[in-house]
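Remarks on the overall topology
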Amino acid sequence: MKVLKFGGSSVANAENIKKVIEIVKDKCRHDRLIIVASALAGTTGQLEKCGELAGRGEEKYKQILKEIEKNHLIAIDGLFPLKDQGGTKAEIKLILNELEDICLGMFLLHEMNIKTHDRLLSFGEQLSGLILSESLNFYGVSMQYVDARQLIITDDTFGRAHVDFEETGRRVEKQILNAGTHVFVSGFIASTPKGVPTTLGRGGSDYTAAILAALTGSEALEIWTDVDGVMTADPAFVESALPLKKLSYSELMEMSHFGAKVIFPSSIQPVMKKNIPVWIKNTFHPHVPGTLIDKDGTPDGKLVKGLSHINDVVLLTLTGGGMVGVTGIAARLFSCLSLQDVNVIFITQASSEHSITLAVSSSDMEKATKAIQQEFEPERKLLRVDDLQVERELSIIALVGDNMKSSLGLSGKAFDVLGKNGVNIRAIAQGSTERNISFVVLKKDVTKALNVLHERFFLARYKKVHLFMAGVGNVGKTLLQQISEQYDYLKKEYALKVEVVALANSRRMLFDEHSIHLKTGIKRLLSEGETMNRTLFLQKMKALNLRNSIFVDNTASAEIADLYETVLKSSISVVASNKIASSDTYESYKRLNDIAMAMKKKYLYETNVGAGLPVLKTIRDMMKSGDKILRIKAVLSGSLNFIFNHFTEGKVFSDVVAQAMREGFTEPDPRIDLSGKDVMRKILILARESGYPLEPEEVEINSFMPESLMEMPSVEVFMGALSRYDEHFEKLRREANAAGKKLRYVSEFDNGKARTGLRMADATQPYYQLDGKDNIVLIYSQRYNEQPLVIKGAGAGAAVTASGVFADIISIVNQ
């Protein structure tokens with residue numbers, strides 16, 4: 001024998017009921033069945049509303065009664081041919097007439113007591129039971145209808161009646177075990193020994209099914225719903241949630257208590273005691289295996305089986321020096337809440353006995369607060385207990401798994417990943433069984449917290465990273481292209497999804513929390529984007545509150561660089577090809593790095609020097625290993641090296657600069673490169689990364705550009721005037737050429753001092769043969785004193801710079 005229970009969504013309408021019939025027809029070929037069903041989806045809520053309106057004397061309840069009647073008659077129309085509808089509709093009408101009489105009585109009396117409330121709610125299952133049992137018989141499944149009110153006997157605790165298992169067992173034996181046929185029983189409803197209707201409370205239909213499975217010694221209980229089983233997390237919050245193949249009773253109890261909606265915890269108690277396996281199956285995907293729940297679970301499975309959460313909770317904290325060492329404080333606290341029927345969801349107490357913190361539903365907050373304040377008013381007047389602390393807008397998250405008790409450092413892993421994503425934990429509790437770790441977070445952080453935990457404990461197929469990108473010029477556009485080209489590879493090989501959720505340029509910004517298509521993103525930005533506003537961009541980025549967020553700055557804007565501090569304080573990492581922030585005052589540079597460390601975020605700017613070359617990483621690794629940087633010689637401008645390598649006999653300087661601009665080797669304003677300012681920033685950053693607190697004004701710049709030319713009011717005017725100075729630059733070229741040398745813009749750092757300037761390099765110098773846009777960095781240290789460590793390669797261009805930015809992004813993801 002098996003018990004099959006179908007929830008409200010499974011019997012919501014005729015189409016769904018036909019799916020139920022097909023499942024039952026298939027199952028009844030192999031086993032004798034007991035079928036239990038809930039009310040049609042939404043009916044219980046409609047009955048609740050009817051009672052509220054009628055009890056307040058509002059005639060609007062009549063309209064809801066009409067909707068209930070309409071829904072059930074439409075279901076009959078969809079299940080039976082016209083000639084076979086009459087009998088079922090007549091019986092439905094009799095039940096509805098009784099329902100209407102009860103509502104009228106409440107309307108006239110302006111009252112709905114708990115006894116009447118139970119009777120009112122029982123009509124949902126009466127109506128669905130009649131339709132389900134009749135339709136099963138009509139479609140060839142011989143089914144005996146047993147009125148649950150004549151079968152399941154309870155006390156008169158209306159709203160949450162307690163089952164008399166002894167009497168119910170006798171009736172089950174007589175009406176079901178001796179029946180010899182398939183049986184249909186409505187869920188949720190029962191009655192007192194005197195026949196007064198009662199209900200079994202929340203999860204009542206599951207409870208009905210579990211009672212019948214236990215009392216009949218059934219082979220299994222199958223709960224048919226609208227999901228493919230118990231999920232690793234709520235799919236409404238975690239899109240990567242997966243169905244679990246198997247759970248233990250204990251794991252299910254823990255997950256259900258903390259919000260998993262498949263089954264209510266107490267509902268499985270009867271089958272749990274008898275070790276009857278429970279299957280959670282999907283009515284709409286009947287061939288999906290579903291989730292098996294039994295006493296064993298999966299001993300060799302994952303440490304964390306799943307995540308559950310409860311929203312809308314309130315933390316209440318009772319503190320005071322007068323609580324320390326005083327017996328009975330906790331007893332009084334929980335007793336006063338129990339008297340007010342307040343359910344305590346979560347408890348934690350300081351070992352000092354100075355405080356007790358508990359969580360209750362927000363709906364219980366007022367009566368809980370009032371009860372505690374009244375109970376401890378005498379102590380408060382004597383200053384032995386402080387005013388009750390109340391924290392609202394919170395959620396509880398629980399990590400659940402039988403194998404957690406055998407794992408070391410699991411809590412640390414959870415708290416580390418939450419901290420890195422800016423999720424503050426307000427309270428923590430762990431049960432003595434160690435199969436549950438629960439913590440309280442802000443409600444606004446619950447989606448982010450669930451997702452990062454889901455990813456951290458390998459419950460997700462993919463780890464998702466969210467990029468907020470400012471700057472879609474040469475570097476930004478190329479970065480989007482590179483991410484697009486690597487997207488499938490990263491997803492397949494590293495289970496990583498890199499999603500761009502915001503794009504901005506100096507004029508427009510575009511947000512899409514689901515993802516901006518990489519190939520059409522810039523087009524969307526230009527056509528759909530709203531006016532760019534730095535403050536609003538920051539506000540939207542913070543409001544989205546997405547996990548694994550990274551702000552990527554591909555601009556050369558000081559205004560965008562000014563956002564870094566706030567971004568880092570918002571628990572969002574920063575990747576910047578923009579050099580402005582790192583070359584600002586030393587105080588500002590250090591503050592940003594300190595904030596990143598304090599917030600457990602990353603501030604990476606590898607491309608500030610050498611584009612995609614690992615210059616900064618190499619220096620950091622040397623410093624970490626105990627080496628000391630003594631001096632640096634370098635050609636740090638791929639832009640200037642490109643220009644001087646292409647400035648050969650027969651070419652004019654102004655044309656070469658224009659070519660470098662067109663090919664993306666200079667800043668948008670080439671004067672930044674030509675002035676040596678860009679190189680000054682780079683050598684300054686290298687000095688700082690080497691441990692020297694250098695300021696920008698301490699770097700000596702020897703400019704080769706005429707001052708009057710550099711003072712032109714705009715890039716356009718500058719480029720127009722540049723050709724008038726071509727002879728000046730040609731003279732420099734010929735002078736170097738005549739001496740057998742090449743023009744190189746060289747940076748040096750030595751003995752705490754830095755300088756940059758144009759040099760004529762001879763063949764003995766390592767940067768003489770520097771090709772194209774290459775950079776070269778020679779690092780002299782205590783370990784590399786006589787023979788420097790040399791880093792050489794392409795140091796400019798959109799492709800290598802974007803590649804360096806991409807590498808920084810991946811570095812953050814892999815931390």
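Preceding this paragraph is the structure being described.
Residues numbered from 1 in each chain as written. Predicted model: local features only at pLDDT ≥ 70, side-chain atom pairs only at ≥ 80, totals over all residues. Heavy atoms only, no water.

Moving on, we get to the overall build of the chain. Regarding its fold elements, the chain presents 29 helices and 29 strands. Against the compact-globule benchmark of 28 Å for 815 residues, the chain has a radius of gyration of 36 Å, which places it well outside the compact range. Its C-alpha atoms give the chain principal-axis dimensions of about 115 × 75 × 55 Å. Classification of the 815 residues of the chain by burial places 54% in the buried group. Contacts in the chain between residues far apart in sequence, at least 24 positions, make up 72% of those at least 6 positions apart. Accessible surface, the chain: about 35,800 Å² in total, of which carbon and sulfur atoms supply 50%. (Helix = DSSP H or I, 4+ residues; strand = E, 2+ residues; numbered from the N terminus. Rg over C-alpha atoms; globule rule 2.2 N^0.38 Å. Buried < 20%, exposed > 50% of the residue type's maximum accessible area, 1.4 Å probe, protein only. Contact = heavy atoms within 4.5 Å. Areas by Shrake-Rupley, 256 points an atom, 1.4 Å probe, with all protein chains shown as cover.)

Position of Ser135 relative to the elements: it lies in helix α5 (residues 114-138). With relative accessibility at 0%, the residue Ser135 sits in the buried group.

Side-chain pairs of opposite charge can arise whenever the charged atoms involved come near each other. Enumeration over the complete set of coordinates arrives at 50 salt bridges. Here Lys246 makes a salt bridge to Asp294, at a shortest N to O gap of 3.3 Å. Taken together, the residues Lys246 in strand β8 (residues 246-248) and Asp294 in strand β10 (residues 291-294) connect sequence positions 48 residues apart. Here Asp294 falls in the buried class, since its relative accessible area comes to 13%. (Salt bridge = Lys/Arg side-chain N within 4 Å of Asp/Glu carboxyl O.)

Let us now look at the packing of aromatic side chains. Following the criterion strictly, the structure yields 22 aromatic pairs and no others. Judged by centre distance (5.2 Å) and plane angle (80 degrees), the rings of Phe138 and Tyr139 are edge-to-face. A residue is classified by how much of its surface remains accessible, and Tyr139, at 29% relative accessible area, is partly exposed. Members of the aromatic cluster, connected to one another through ring pairs, are Phe468, Phe511, Phe537, Phe551, Tyr564, Tyr603 and Tyr605. When the ring centre of Tyr780 is taken as origin, the NZ or CZ atom of Arg631, which lies over that ring, is 4.1 Å away. Over the aromatic face of Tyr768 sits the side chain of Lys742, whose NZ or CZ is 4.8 Å from the ring centroid. (Phe/Tyr/Trp six-rings, centres within 6.5 Å; stacked < 30°, edge-to-face > 60°. Lys NZ or Arg CZ within 6 Å of the ring centre and 35° of its normal.)

For the rest of this paragraph, the subject is the sheet that holds strand β23 (residues 603-604). Ordered in space as β20-β19-β18-β17-β21-β22-β23, the 7 strands form an open sheet in which the pairing is mixed. Every other strand in the sheet has two partners, leaving β20 (530-531) and β23 as the edge strands with one partner each. Here 8 bridges tie strand β17 (residues 463-470) to strand β18 (residues 496-504), and the two strands are oriented parallel to one another. Bridge pairing in β18 places Met469 opposite Leu503. Strand contacts of helix α17 (residues 534-544): β17, β18, β19 (508-511), β20 and β21 (549-553), with the helix running at about 10 degrees to β19, the strand carrying the most contacts. The strands touched by helix α29 (residues 798-813) within the sheet are β17, β18, β21, β22 (573-576) and β23, with β22 carrying the most contacts at an inclination of about 160 degrees. (Pairing = 2+ DSSP bridges. Axes fitted to C-alpha atoms, helices over the stretch in contact; angles between N-to-C directions.)

If you trace the 6 strands from one edge of the open sheet to the other, you get β12-β13-β11-β14-β16-β15, paired in antiparallel fashion. Two strands close off the open sheet at either side, each with one partner strand: β12 (344-349) and β15 (425-430). Each strand of the sheet is rotated relative to its neighbour by a mean of 30 degrees, with strand direction disregarded. Relative to strand β14 (residues 389-400), strand β11 (residues 306-319) runs antiparallel, the two being bridged by 9 bridges.

Another aspect to go through is unusual backbone geometry. Its identity as a non-glycine residue notwithstanding, Asp341 has a phi of 60 degrees, on the positive side. For Asp341, the position within the fold is in the loop between α10 (329-339) and β12. For Ser571, which is not glycine, the phi torsion reads 65 degrees and is therefore positive. Secondary-structure assignment places Ser571 in the loop between α19 (564-569) and β22. Classification of Ser571 as buried rests on a relative accessible area of 7%.

The buried count for strand β26 (residues 742-750) comes to 7 of 9 residues, which makes it a mostly enclosed element. Sheet topology places strand β24 (residues 629-635) next to β26; 4 bridges connect them, and they run antiparallel. Counterpart to Ala634 in the pairing with β26 is Ser747. Relative to strand β27 (residues 753-761), β26 runs antiparallel, the two being bridged by 9 bridges. The residue bridging Phe749 from the neighbouring strand is Ala754, located in β27. The antiparallel pairing of β26 with β27 creates a hairpin that spans 2 residues between the two strands, and Asn751 there sits at a positive phi of about 55 degrees.

The nonpolar side chains of a soluble globular protein tend to be buried with one another. Membership of the largest hydrophobic core comes to 84 residues, with the highest contact counts inside it found for Phe6, Val24, Val185 and Leu221. In contact with Leu221, other than residues within four places in its own chain, are Val3, Ala209, Ala210, Ala213, Val271, Ile276, Pro277, Val278 and Trp279. Counting residues in hydrophobic clusters, the runner-up holds 82 residues, among them Leu538, Met680, Leu789 and Ala796. (Core = buried A, V, L, I, M, F, W, Y, C linked by side-chain atoms within 4.5 Å.)

Where helix α1 (residues 14-27) meets α5, the axes come as close as 10 Å, and the angle between the chain directions of the two elements is 55 degrees. In terms of their interaxial angle, α1 and α5 are classed as oblique. In this structure, the crossing between α1 and α5 has a hand that is right-handed. Where α1 abuts α5, its residues Ile17, Val20, Ile21 and Val24 lie against Ile131, Leu132, Ser135 and Leu136. Residues belonging to the contact of α1 with α5 are distributed by class as follows: 7 nonpolar, 1 polar and no charged. (Parallel < 35°, antiparallel > 145°, perpendicular 65-115°, else oblique. Left-handed = near helix turned anticlockwise from the far one by under 90°. Nonpolar A, V, L, I, M, F, W, Y, C, P; charged D, E, K, R; others polar.)

Bringing helix α25 (residues 677-689) into the picture now. Along its 13 residues, α25 runs 18 Å from first to last C-alpha, staying within 8% of the 18 Å computed at 1.5 Å per residue. With respect to burial, α25 is a largely interior element, 12 of its 13 residues being buried. Of the residues making up α25, those classed as buried are Asp678, Val679, Met680, Arg681, Lys682, Ile683, Leu684, Ile685, Leu686, Ala687, Arg688 and Glu689. Note on α25: the residue one or two positions beyond its end, Gly691, has a positive phi of about 100 degrees. (Expected span 1.5 Å × (residues − 1).)

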